[in-house]
Amino acid sequence: MPSLLLFVRATDDLARTCRQAGEFIGFCRRRQSGSFADGRLLGAWIDEQTVTELPQEMALRLPTREVVTVTLHETFSLYGVWAVASIEFSSLRTRGNVELSHNGVFDALSTVAPGHAESGSRYSPAFACDTPEKQVRAAIRRLDSRYPLRIAQPIYYDPVTGGLSLRNRE
């Protein structure tokens, strides 16, 4: 299953981004077209500069400690406010069902925008809408302890419809 990343200008834009990007992803799913049709959202990188200067590729460390290069395969955006990107693994060995951690995604994104770290870049992890709230809170606590003041509120996605929300429907 492909993976999706959101790039957002500012934390204040998260609600609008969820609504608009969720509508776009839902449209793609209903039409069963494009790389956005069945992608799983990993999270959102919140940084004013990165949203207009999207990285072409980045290195992700898998839970197995293997480092793979991923490329932004396809993007769709409301220029300067948000962009959604479909990512593709460059290695044929890792094209299967790879489970990416939020730590790995954060680390990869912070290395493609290293100068932006001081400017307050943040990460909003995504979870399936049926993820128990207790599990989400535990994941947020772990991320907060590793990346103090760099984690924004979680985003919930509906794997069936593609809808995005800042509230869990559990």
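Residues numbered from 1 in each chain as written. Predicted model: local features only at pLDDT ≥ 70, side-chain atom pairs only at ≥ 80, totals over all residues. Heavy atoms only, no water.

S.K.: Would you mind going over the overall build of the protein chain with me for this structure?
M.R.: If you tally the helices and strands in the protein chain, you get 3 helices and 8 strands. Relative to its full complement of 170 residues, the protein chain shows a buried share of 49%. With an accessible surface of roughly 8,800 Å², the protein chain has 50% of that area assigned to carbon and sulfur atoms. (Helix = DSSP H or I, 4+ residues; strand = E, 2+ residues; numbered from the N terminus. Buried < 20%, exposed > 50% of the residue type's maximum accessible area, 1.4 Å probe, protein only. Areas by Shrake-Rupley, 256 points an atom, 1.4 Å probe, with all protein chains shown as cover.)

S.K.: Is there a simple way to think about helix 2 (residues 102–112) in this case?
M.R.: Quick reminder: α-helices carry 3.6 residues per turn. Residues three or four places apart thus point the same way. Of the residues making up helix 2, those classed as buried are His102, Gly104, Val105, Phe106, Ala108, Leu109 and Ser110. Here the buried face of helix 2 lies against strand 1 (3–8), strand 2 (40–46), strand 3 (57–61), strand 6 (122–128) and helix 3 (133–146). (Contact = heavy atoms within 4.5 Å.)

S.K.: I keep staring at the sheet that holds strand 2 and nothing clicks. Help me out?
M.R.: Backbone-to-backbone hydrogen bonds pair the strands of a sheet. The strands run either parallel or antiparallel. Pairing is mixed across the open sheet formed by 8 strands, whose spatial order is 3-4-5-1-2-6-7-8. Looking at the sheet topology across the chains shown, the edges are occupied by strand 3 and strand 8 (164–165). Summarising the sheet, strand 7 (residues 155–157) and strand 8 pair through 2 bridges and their orientation is antiparallel. Residue pairing in the sheet places tyrosine 157 in a bridge with leucine 164 of strand 8. (Pairing = 2+ DSSP bridges.)

S.K.: Help me understand the nonpolar core in this model?
M.R.: Here is a general trend for soluble globular proteins: nonpolar side chains tend to be buried in one another's company. With 30 residues, the main nonpolar core has Leu5, Phe7, Leu100, Val105 and Leu109 as its most contacted residues. Each residue touching leucine 100, except ones within four places of it in the same chain, is listed here: Ser3, Arg40, Leu42, Leu60, Leu62, Ile87, Phe89 and Val105. (Core = buried A, V, L, I, M, F, W, Y, C linked by side-chain atoms within 4.5 Å.)

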